[in-house]
Amino acid sequence: MSANIKHCGIVDEITDGCIKVRIVQSSACASCKVASRCNASESKEKIVEVYDEDTNMFSIGDNVTVTASQGMGFLAVLLSSVIPLFLLIAVLASVLAATSSEAWAALASLGALAPYYLILYMLKDKIRSRLSFKIEHGQP
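Residues numbered from 1 in each chain as written. Predicted model: local features only at pLDDT ≥ 70, side-chain atom pairs only at ≥ 80, totals over all residues. Heavy atoms only, no water.

**Q** Tell me about the packing of helix H1 (residues 70–99) against helix H2 (residues 102–122), and please be specific about residues and values.
**A** Two elements in contact, H1 and H2, have axes whose closest approach is 8 Å; the angle formed by their N-to-C orientations is 145°. H1 and H2 meet at a crossing whose hand is right-handed. For the pair H1 and H2, the contacting residues are Leu79, Ser80, Ile83, Pro84, Leu87, Leu88, Val91, Leu92, Val95, Leu96 and Thr99 in the first and Glu102, Trp104, Ala105, Ala106, Ala108, Ser109, Leu110, Ala112, Leu113, Tyr116, Tyr117 and Leu120 in the second. Taken together, the residues that form the contact of H1 with H2 break down as 19 nonpolar, three polar and one charged. (Axes fitted to C-alpha atoms, helices over the stretch in contact; angles between N-to-C directions. Helix = DSSP H or I, 4+ residues; strand = E, 2+ residues; numbered from the N terminus. Left-handed = near helix turned anticlockwise from the far one by under 90°. Contact = heavy atoms within 4.5 Å. Nonpolar A, V, L, I, M, F, W, Y, C, P; charged D, E, K, R; others polar.)

**Q** Go over the packing of aromatic side chains, please, and point to the residues and values.
**A** For the structure on display, the rule yields one aromatic pair. Both rings, one in Tyr116 and one in Tyr117, keep their centres 5.3 Å apart while their planes meet at 70°; by these two values the pair is edge-to-face. The class of Tyr116 is buried, set by a relative accessible area of 13%. For Arg128, the ring lying beneath its charged end belongs to Tyr51, and the centroid distance is 4.4 Å. (Phe/Tyr/Trp six-rings, centres within 6.5 Å; stacked < 30°, edge-to-face > 60°. Buried < 20%, exposed > 50% of the residue type's maximum accessible area, 1.4 Å probe, protein only. Lys NZ or Arg CZ within 6 Å of the ring centre and 35° of its normal.)

**Q** Describe H2, and please don't skip the residues or the numbers.
**A** With 21 residues, H2 should cover 30 Å at 1.5 Å per step; its first-to-last C-alpha distance of 31 Å lies within 8% of that length. Among the residues of H2, those classed as buried are Ala105, Ser109, Ala112, Leu113, Tyr116 and Leu120. Burial along H2 is one-sided: seen end-on, the buried residues are contained in an arc of 105°. Exposed side of H2, more than 90 degrees from the buried face: Ala103, Trp104, Leu107, Leu110, Tyr121 and Met122 are the residues found there. (Expected span 1.5 Å × (residues − 1). Arc of directions from axis to C-beta.)

Listed below in structure tokens is the structure:
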């Protein structure tokens, strides 16, 4: 099993320190011969921002490979889904036990997510440095 996640793409835009790469993310059946007649096939175009100091090596239209580590993917899932879920359940259970009011427990558990996402927003630069993509010329 590979330790890296790779996507091929095309450089769409270059700004100071940021390269925007357009990748086509497709499901496994999107490359099937009968995908045009099937509703299950799916293909999405996404823009990935790659923060790099040396943007001079790339130009718009270049074929590139965008790489991310699997650990980065796990960290992203942890921050975006797992921690908020546990926070929601913990606050829901504790407020429900303290007040016996389902309405207050639901409101408090949803309200507890606001400070969590505010903290994530304030730490966005630190998180961006840990969750950054790498870019290479050419396609594998």
